[in-house]
Amino acid sequence: TANYIPIWSDSETLGNSILREHSSGLSAFGGLSASGANNYFAGNVGIGTTSPSQKLEVDGAIKSSQYLYLGSDVSLYRDGSSILRTDDAFHANGGISLGGASGGGYIYNRSETDSYIKFDDPDIVMMGGDVGIGTTAPAEKLTVAGNISALGALSATGGVSVPDNGKITSGNHK
């Protein structure tokens, strides 16, 4: 057939292969595989799309049994206990893990496994370290740089400390 690359189906019969040449290139009609140490495609490659806009564009789900590398020094992967982990290129104990369990999940820094945020429906718990709101250098378990508003009661079992130039106002005073 015109434009199909011929293939021998036996020692005497020449038939059509799955490859067809046309004005914009070469198309494969059926299964196609490439084997060898290196396979090269110039331009963008699309899977499930005829007009890929990136080096590789997939229209649909992607499944990997290994790592997804982002640049030369970061990888994403799933292990047996985490939903998603990040690592450096050498898979050292660094990066962030996102995990899940029924009713909650967690985020933790893999280099500090005793420091994490746990989402345990309906509570959010932070373990290890100090928390800063409006500051990158918290001096206490919770440091807030700015005003605090509470719609409920304030409870302090260790007492309340106010700086010398500070004040405590009670009632509806603003």
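The structure presented is a predicted model; accordingly, all values stated were derived computationally and were not measured.

1. A short note on the sheet that holds strand 2 (residues 14–22)
Reasoning step 1: Ordered in space as 1-2-3, the three strands form an open sheet in which the pairing is antiparallel. Single-partner strands in this sheet number two, and they are strand 1 (4–8) and strand 3 (25–28). Averaged over all pairs of adjacent strands, the angle between strand axes in this sheet comes to 40°, irrespective of strand direction.
Reasoning step 2: Across four bridges, strand 1 lies against strand 2 in antiparallel orientation. Paired with Pro-6 across the bridge in strand 2 is Asn-16.

2. Structural notes on a nonpolar patch on the surface
Reasoning step 1: Taken together, the side chains of Ile-107, Ile-117, Phe-119, Ile-124 and Met-126 present a nonpolar region at the surface, about 410 Å² in accessible area.
Reasoning step 2: Among the secondary structure elements, those contributing two or more residues to the nonpolar patch are strand 11 (116–120) and strand 12 (123–127).
Reasoning step 3: Given a relative accessible area of 33%, Phe-119 falls into the partly exposed group.

3. Considerations on the environment of Ser-17
Reasoning step 1: Mapped onto the secondary structure, Ser-17 falls in strand 2.
Reasoning step 2: Not counting chain neighbours up to four residues away, the residues in contact with Ser-17 comprise Tyr-4, Ile-5 and Ile-7.
Reasoning step 3: At 2.6 Å, the side chain of Ser-17 forms a polar contact with the backbone oxygen of Ile-5.

4. A word on the confidence of the model for the chain
Reasoning step 1: Overall, the prediction assigns the chain a mean pLDDT of 77, with 75% of residues at 70 or greater.
Reasoning step 2: Ranking the elements of the chain by mean pLDDT puts strand 9 (residues 96–101) last, at 64, and strand 5 (residues 56–58) first, at 90.

5. Notes on the side chain of Thr-143
Reasoning step 1: The residue Thr-143 is located in strand 14 (residues 142–144) in this model.
Reasoning step 2: At a separation of 3.1 Å, a polar atom in the side chain of Thr-143 contacts the main-chain amide nitrogen of Glu-140.
Reasoning step 3: Those residues in contact with Thr-143 that lie beyond four places of it in its chain are Val-131, Gly-132, Ile-133, Thr-135 and Pro-138.

Calculation notes
- Residues numbered from 1 in each chain as written.
- Predicted model: local features only at pLDDT ≥ 70, side-chain atom pairs only at ≥ 80, totals over all residues.
- Heavy atoms only, no water.
- Pairing = 2+ DSSP bridges.
- Helix = DSSP H or I, 4+ residues; strand = E, 2+ residues; numbered from the N terminus.
- Axes fitted to C-alpha atoms, helices over the stretch in contact; angles between N-to-C directions.
- Patch = residues over 30% accessible without salt bridge, like charges linked within 9 Å, V, L, I, M, F, W, Y side chains within 5 Å.
- Areas by Shrake-Rupley, 256 points an atom, 1.4 Å probe, with all protein chains shown as cover.
- Salt bridge = Lys/Arg side-chain N within 4 Å of Asp/Glu carboxyl O.
- Buried < 20%, exposed > 50% of the residue type's maximum accessible area, 1.4 Å probe, protein only.
- Contact = heavy atoms within 4.5 Å.
- Polar contact = N/O pair within 3.5 Å; in protein donor to acceptor, adjacent residues only side chain to side chain.
- pLDDT = per-residue confidence, 0-100.

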